[in-house]
Amino acid sequence: SPRWAAAYKFEPEQAVTTLLNITVQVGRTGVLTPVAELEPVLVSGTTVSRATLHNQDEIDRKDIRIGDRVIIEKAGEIIPAVVSVIKEERTGKEKNFHLPDHCPVCGTPAARREEEVALRCENSLCPAQITSAILHFASRGAMDIDGLGESLITQLVDKELVKTPADIYALKLEDIAALERMAEKSAENFLAGVEASKKRDFWRIIFALGIRHVGSRSAQILEQHYESIDHLTEAPADDLEAVPDIGPIVAKSIYETLQ
């Protein structure tokens with residue numbers, strides 16, 4: 001990367017809309033993320049109706065309230081974000097928002113880990129976490145399981161056919177064919193996709209596990225140092241930390257996840 005170069009970017013396109021509501025999304029690591037439900041508006045060529053609000057501190061810092069007129073833009077021309085509130089247009093009917101103290105999906109008390117801003121659901125069996133984890137596992141950048149989208153995953157989790165990514169590989173034709181909008185041919189195609197995923201590169205498996213702080217690049221580095229998932233699972237934290245570009249925080253996350 002040339003140190004002397006300067007990159008110039010266009011100012012992001014902005015739009016004004018109304019924040020209709022704030023909902024709470026539970027991710028694969030249990031983080032409770034507030035999401036702005038917006039009156040649909042065109043921004044940078046696409047219609048935007050939702051935007052992340054990150055966390056409670058961000059909502060308080062920007063003084064965002066339900067019913068506000070807000071300015072939005074796409075961060076990096078991709079991710080919709082609320083930039084600021086047009087406070088001059090407030091009518092007095094706007095409502096403050098606070099994240100719930102319990103998971104909105106499973107009801108587990110939300111907790112805040114030391115040195116973290118985010119609230120988390122610590123229940124590893126929370127349906128929302130399972131759904132998000134399997135969606136990540138099956139995504140194109142990970143195991144790339146054809147046909148395993150959010151709708152099918154939700155059905156599998158609701159019927160308790162799948163609780164971990166490993167359960168995907170134990171599914172039978174009759175399990176899938178009995179689901180809504182899944183005929184026998186569709187079920188066969190899905191199972192063929194599951195079978196094909198067994199031939200993916202090892203780094204994709206590491207990335208698919210959704211270990212905190214481990215992205216696709218870190219997964220590829222780990223693949224160069226460990227022959228198999230068993231080899232990686234048995235590695236002490238000190239060995240992991242000795243791998244280039246794997247610092248103490250990442251090493252600890254890998255070790256704790258795989259034990």
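These notes cover the structure that comes with them. Since we're looking at a predicted model, the values are computed, not measured.

## Some details on the overall build of the chain
- The number of helices and strands found in the chain is 10 helices and 7 strands.
- Along the first, second and third principal axes, the C-alpha atoms of the chain reach 60 × 55 × 40 Å.
- Within the chain, the fraction of its 259 residues that count as buried is 37%.
- Taking contacts inside the chain between residues at least 6 apart in sequence as the whole, the part at least 24 apart equals 49%.
- For the chain, the exposed surface amounts to about 15300 Å²; the carbon and sulfur share of it is 50%.
- Across the chain, the centroid of the 29 positively charged side chains sits 4 Å from that of the 41 negatively charged ones.

## Observations concerning the pairing of strand S2 (residues 32-43)
- Of all 12 residues that make up S2, 9 are buried, and the element is covered over most of its length.
- Bridge count for strand S1 (residues 14-26) against S2 is 7 bridges, and the pairing is antiparallel. Directly across from Asn21, in S2, lies its bridge partner Glu37.
- Between S1 and S2, which follow one another and run antiparallel, lie 5 residues, and Gly30 among them has a positive phi close to 90°.
- Looking at chain direction, S2 and strand S3 (residues 46-52) are connected through 6 bridges and run antiparallel. Residue Val35 lies in a different strand from S3, and its bridge partner there is Thr52.

## Describing helix H3 (residues 150-158)
- Every buried residue of H3 is accounted for by Leu152, Ile153, Gln155, Leu156 and Val157.
- Buried positions along H3 lie against helix H2 (127-138), helix H4 (173-177) and helix H5 (184-197).
- Backbone geometry just after H3 places Glu160 at a positive phi near 55°.

## Considerations on the nonpolar core
- Counting residues in hydrophobic clusters, the biggest one holds 41 residues, and the most contacted among them are Ile145, Leu148, Phe190, Leu222 and Ile254.
- Per-element tally for this core: the top contributor is helix H6 (residues 202-208), with 5 residues.
- Not counting chain neighbours up to four residues away, the residues in contact with Leu148 comprise Ile134, Ala138, Ile153, Leu156, Ile168 and Phe190.
- By size, the runner-up hydrophobic cluster in this structure holds 20 residues, among which are Ile22, Val48, Ile59 and Phe97.

## Some remarks on the pattern of salt bridges
- Taken as a whole and judged by the stated rule, the model has 12 salt bridges.
- Residues Asp63 and Lys87 are paired through a salt bridge, measuring 3.7 Å at the closest nitrogen-oxygen approach. Of this pair, Asp63 sits in the loop between helix H1 (56-62) and strand S4 (69-75) while Lys87 sits in the loop between strand S5 (79-85) and strand S6 (110-111); the two residues are 24 residues apart in sequence, bridging distant segments of the chain.
- For Lys198, the salt bridge is made with Glu195, and the minimal N-O distance between the two is 3.1 Å.
- What makes Lys198 exposed here is its relative accessible area of 51%.
- Accessibility expressed as a relative area gives 46% for Glu195, which makes it partly exposed.

The rules behind the values
Residues numbered from 1 in each chain as written. Predicted model: local features only at pLDDT ≥ 70, side-chain atom pairs only at ≥ 80, totals over all residues. Heavy atoms only, no water. Helix = DSSP H or I, 4+ residues; strand = E, 2+ residues; numbered from the N terminus. Buried < 20%, exposed > 50% of the residue type's maximum accessible area, 1.4 Å probe, protein only. Contact = heavy atoms within 4.5 Å. Areas by Shrake-Rupley, 256 points an atom, 1.4 Å probe, with all protein chains shown as cover. Lys, Arg positive; Asp, Glu negative; His and termini not counted. Charge placed at Lys NZ, Arg CZ, Asp CG, Glu CD. Pairing = 2+ DSSP bridges. Core = buried A, V, L, I, M, F, W, Y, C linked by side-chain atoms within 4.5 Å. Salt bridge = Lys/Arg side-chain N within 4 Å of Asp/Glu carboxyl O.

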